[in-house]
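An overview of the molecular structure
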Amino acid sequence: MAALLCENCSGQYHSSRVSQPLDISRMLPLVMLGKVFLDFFMLQVKQKNVKVSFMGYFCVSLALLDFALLLSISFIVCFEDFALWGVRFTKYHICLFTQIISLIYSILHYPVYLVAALDYYMTIAQTSQSPKRGQRLLYVFAVVIIWISGFFCILKIPAVYGELEIQNRFSPYQCPLYASVQSYSVSCAMVLLIGMALLACQKEVLTMLLSLRVVSFASQPVLMFSYTSNSGTCFKRQLLTRLLICFLGTWAPFVVLQIIILVVGARIPSYMEMNVPWLYFINSFLIAVAYWCRSHDVELTEEVWATDPFVSWKFCFMPFNNENTEPADKLGTVIVIC
């Protein structure tokens, strides 16, 4: 009865269970090692001369937390059964720690994306690349508050604690992990919005793609879109077309992957699902939305473009930056260096 009660309460913390064998003690360190490597690889290859943001700080904190989890479970696997500070650690704690992390990750999608969206909406038009010290401290404070809130939210819900105890006591050969309902809904919303935008601008997108040429400029490969914008097309529509091409030019594989996951109905445990590449994918989407919403406030300065670590958005505003641009300036060839 208790197990059924907790099962019915699982919707309160927005996750669904994904059972895996307890021999996860051998598999999990390898999985976490791959995830940690991918996290730090993305942090290393991203562009360095970008403006600091809340999402940037949160990505670093996520990578550090994943690294801490990897060290913890690796230490337990190596020593198997030991006592530390009066607490005895066994393979049971490998599953327990992973379950807690999965639950915390599963409820953080909405708050993280909301804070990041507000951050970009308010700062996307700033021309200063180095924010004030108070802004940096605010980002750090927001990251710490989100992690602490998620941790206490999970541990203070009786249904969560009871289910963890029941599953690990009566199911010694299973380690149920958790997939995030929040992440699933975000994926659905993103795919839907991108699809609607493509349908709305399909003619313009197709025209630009058909005009694509690859040329060499200063010993570098260059993509040249040799098309002329229709003078009757509104500024917002032209901008949306360019934002779509820039976004999909970088993240198209991720969009296809999301579609496959949604169609197949695969459930990915939250400790794997929330990762740095996924956050930077969301990050670029939020930046594109912020550019589109505040397009009239964006100034043509190099500091404004130094926002996204992986996508160059400068192309989207060239050769126009507002509806007051002269028609003669709106026409012509656009060149993007890749």
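Worth saying up front: this structure is predicted, and the values here are computed from it rather than measured. (Residues numbered from 1 in each chain as written. Predicted model: local features only at pLDDT ≥ 70, side-chain atom pairs only at ≥ 80, totals over all residues. Heavy atoms only, no water.)

1. Focus on the overall build of the chain
Using the following cut-off: Runs of E in the DSSP output that reach at least two residues are strands. Runs of H or I that reach at least four are helices, and both are numbered from the N terminus. Per-residue and other accessible areas follow the Shrake-Rupley method at a 1.4 Å probe size, with only the shown protein chains counted as cover for residues.
When its secondary structure is counted, the chain shows 14 helices and seven strands. As displayed, the chain offers around 17500 Å² of accessible surface, 68% of which is attributable to carbon and sulfur atoms.

2. Here's the deal with the nonpolar core
Rules: Each nonpolar core is a collection of buried residues, namely Ala, Val, Leu, Ile, Met, Phe, Trp, Tyr and Cys, held together in the definition by side-chain atoms within 4.5 Å. Burial classification: accessible surface area is computed with a 1.4 Å probe over protein chains only, and a residue below 20% of its type maximum counts as buried, one above 50% as exposed, and the rest as partly exposed. Contact between two residues is taken to exist if any of their heavy atoms lie within 4.5 Å; hydrogens are not considered.
Residues F54, M55, F58, L108, F247 and W313 are the most contacted members of the largest nonpolar core, which totals 62 residues. Going through the elements one at a time, α2 (24–45), α3 (54–79), α4 (91–106), α5 (109–123), α6 (133–156), α8 (181–200), α10 (235–264) and α12 (276–293) are the ones with two or more residues in this core. When residues of this core are assigned to their parent elements, the largest contribution, twelve residues, is made by α12. In this structure, M55 is in contact with V112, Y113, A116, Y120, L279, N283 and L286, ignoring residues within four places of it in sequence.

3. Here we look at the pattern of salt bridges
The following threshold applies: Take a side-chain nitrogen of Lys or Arg and a carboxyl oxygen of Asp or Glu: if they are within 4 Å of each other, that pair is a salt bridge.
The final tally for this structure, using the stated rule, is one salt bridge. The closest approach of N and O atoms between K35 and D66, which form a salt bridge, is 3.1 Å. On the criterion of sequence distance, the pair formed by K35 in helix α2 and D66 in helix α3 is long-range, its members being 31 residues apart. In terms of burial, K35 and D66 fall into one category: buried.

4. Re the packing of aromatic side chains
As a reminder of what qualifies: Two rings from Phe, Tyr or Trp (for Trp, the six-membered ring) form a pair when their centres sit within 6.5 Å of each other. Planes less than 30 degrees apart are called stacked, planes more than 60 degrees apart edge-to-face, and all others tilted.
Across all of its chains, the model carries 15 aromatic pairs by this definition. By the ring-pair criterion, three or more aromatic residues cluster together here, those being F247, W251, F254, W278, Y280, F281, F285 and F310.

5. Some remarks on the side chain of N283
If you trace the backbone, N283 turns up in helix α12. Ignoring any residue separated from it by four or fewer positions in sequence, one finds N283 in contact with M55, Y120, D308 and P309.

6. Points about α8
Rule in force here: Between the first and last residue of a helix there are one fewer steps than residues, each counted as 1.5 Å, and that sum is the expected span. Here the arc refers to the directions that run from the helix axis out to each C-beta atom.
Taking 1.5 Å of rise per residue, 20 residues should cover 28 Å, and α8 covers 29 Å from first to last C-alpha, within 8% of that figure. For α8, every residue scored as buried is listed here: Q182, S183, V186, S187, M190, I194 and A197. Within α8, the buried residues cover an arc of 135° as seen down the axis, which keeps them to one side. Exposed positions of α8 whose direction lies more than 90 degrees from the buried face are L192 and L199.

7. Some thoughts on the UniProt feature "transmembrane region" (unreviewed entry) in the chain
Operational definition: UniProt positions are given in the numbering used here, feature names are shortened, and annotations may be inferred rather than shown by experiment.
In the numbering used here, UniProt assigns the "transmembrane region" (unreviewed entry) feature to residues 54–76, 96–116, 137–161, 181–201, 239–264 and 276–292. Helix and strand shares over residues 54–76 are 100% and 0% respectively, and the end C-alpha atoms of the span are 33 Å apart. Secondary structure within residues 239–264 divides into 100% helix and 0% strand; the distance between the first and last C-alpha atoms comes to 33 Å.

8. Things to note about the packing of α3 against α5
Just so we agree on the cut-off: Simply put, an axis is a line fit to the C-alpha atoms, just over the touching stretch for a helix, and the angle between two N-to-C directions goes from 0 to 180 degrees. Residue polarity is assigned by list, with Asp, Glu, Lys and Arg as charged and Ala, Val, Leu, Ile, Met, Phe, Trp, Tyr, Cys and Pro as nonpolar; anything else, Gly included, falls into the polar class.
In contact at an axis separation of 9 Å, α3 and α5 are set at 145° when each is read in the N-to-C sense. Contact residues: α3 offers F54, M55 and F58, while α5 offers V112, Y113, V115, A116, D119 and Y120. A per-class count over the contact of α3 with α5 returns eight nonpolar, no polar and one charged.

9. Notes on α6
Between the first and last C-alpha of α6 there are 34 Å, a value that for 24 residues agrees with the 34 Å anticipated at 1.5 Å per step. Buried residues of α6: Q135, Y139, A142, V143, I146, W147, G150 and I154, and no others.

10. Quick word on a nonpolar patch on the surface
Convention followed: Any residue with relative accessible area above 30% and no salt bridge may belong to a patch, with like charges joined within 9 Å and the nonpolar Val, Leu, Ile, Met, Phe, Trp and Tyr side chains within 5 Å.
Side chains of V140, V144, I148, F151, F152 and L155 sit close together on the surface and give an oily, nonpolar patch of about 480 Å² of accessible area. Tracing the chain through its elements places V140 in helix α6. Given a relative accessible area of 37%, V140 falls into the partly exposed group.

11. A closer look at the environment of Y121
Examined against the element boundaries, Y121 turns out to sit in helix α5. Sequence separation between Y121 and A290 is 169 residues; the distance between their C-alpha atoms is 5.2 Å. Setting aside residues no more than four positions away along its own chain, Y121 makes contact with A290, C293 and R294.

12. Details of the packing of α8 against α12
The criterion, for reference: Working definition: roughly parallel below 35 degrees, roughly antiparallel above 145 degrees, roughly perpendicular at 65 to 115 degrees, and oblique for all remaining angles. Should the near helix be turned anticlockwise from the far one by less than a right angle, the crossing is termed left-handed; should it be turned clockwise, right-handed.
Where α8 meets α12, the axes come as close as 12 Å, and the angle between the chain directions of the two elements is 40°. When the interaxial angle is binned, α8 and α12 end up oblique. With respect to the hand of their crossing, α8 and α12 are arranged in left-handed fashion. Contacts between α8 and α12 involve S183, V186, S187, M190, L193 and I194 from the former and W278, F281, I282 and F285 from the latter.

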